[in-house]
Amino acid sequence: MEINGIDYKLPQRLKKDEIRDIFETGEFKKGKMILVAYKKGQGKVAFSSKRKKLKAHDRNRIKRILREIFRRNKLLFKGYDVVLIGNSKILNTHINDIEKELVELWEK
């Protein structure tokens, strides 16, 4: 579905071997709450969370938050394959602050 020139359908997801390739040959940007691994590509995306001391429902919530932030800022990542990894600090932070961190990280 496209509204005002913005495509709102979900982007394609990265496969395991593509994620491995990004971690081996891609670049990284690290913030307080988010790690972004990326490289030039087809615009695919993957979401993950750190497993350390987190229950499944917390990891799922982190991924839902990251998906929403990505959806809001999809045009920033055009032409890149991106892996977004969130940590537990996301759970206690307002979504606007998380979004601000991601946008600042990406624009560096």
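Here we summarise the structure given alongside this text. Quick caveat, the model's predicted, so the values are computed rather than measured. (Residues numbered from 1 in each chain as written. Predicted model: local features only at pLDDT ≥ 70, side-chain atom pairs only at ≥ 80, totals over all residues. Heavy atoms only, no water.)

### Concerning the pattern of salt bridges
Thought 1: One pass over the full model with this rule turns up 5 salt bridges.
Thought 2: For Glu68, the salt bridge is made with Arg71, and the minimal N-O distance between the two is 2.8 Å. Highlighted residues: Glu68 and Arg71, both in helix H2 (residues 56–72), separated by 3 residues, approximately one helical turn.
Thought 3: When its relative accessible area of 26% is taken as the criterion, Glu68 is described as partly exposed.
Thought 4: Overall, Arg71 belongs to the partly exposed group, its relative accessible area being 38%.
Thought 5: In this structure, the salt-bridge partner of Arg72 is Glu68, at a minimum N-O distance of 3.3 Å. Placement of both Arg72 and Glu68 in helix H2 is noted, with a separation of 4 residues, approximately one turn of the helix.
Thought 6: Residue Arg72 is classed as partly exposed on the basis of its relative accessible area of 38%.
Thought 7: The structure contains a network of salt bridges with shared partners spanning Glu68, Arg71, Arg72 and Glu99. (Salt bridge = Lys/Arg side-chain N within 4 Å of Asp/Glu carboxyl O. Helix = DSSP H or I, 4+ residues; strand = E, 2+ residues; numbered from the N terminus. Buried < 20%, exposed > 50% of the residue type's maximum accessible area, 1.4 Å probe, protein only.)

### A short note on the pairing of strand S6 (residues 80–86)
Two faces make up the sheet, and in a regular strand the side chains alternate between them.
Thought 1: Of all 7 residues in S6, 6 are buried, a share of seventy percent or more.
Thought 2: Relative to S6, strand S4 (residues 34–40) runs antiparallel, the two being bridged by 7 bridges. Each bridged residue has a counterpart across the sheet, and for Ala37 the counterpart in S6 is Val83.
Thought 3: Pairing geometry for strand S5 (residues 45–49) and S6, over 5 bridges, is parallel. Bridging from a neighbouring strand, Ser48 pairs with Ile85 of S6. (Pairing = 2+ DSSP bridges.)

### Comments concerning H2
Thought 1: Between the first and last C-alpha of H2 there are 25 Å, a value that for 17 residues agrees with the 24 Å anticipated at 1.5 Å per step.
Thought 2: Within H2 the residues assigned to the buried category are Arg59, Ile62, Ile65, Leu66, Ile69 and Phe70. Looking straight down H2, one finds its buried side chains confined to an arc of 135°; they lie on one side.
Thought 3: The elements touched by buried residues of H2 are S4, S5, S6 and helix H3 (95–107). (Expected span 1.5 Å × (residues − 1). Arc of directions from axis to C-beta. Contact = heavy atoms within 4.5 Å.)

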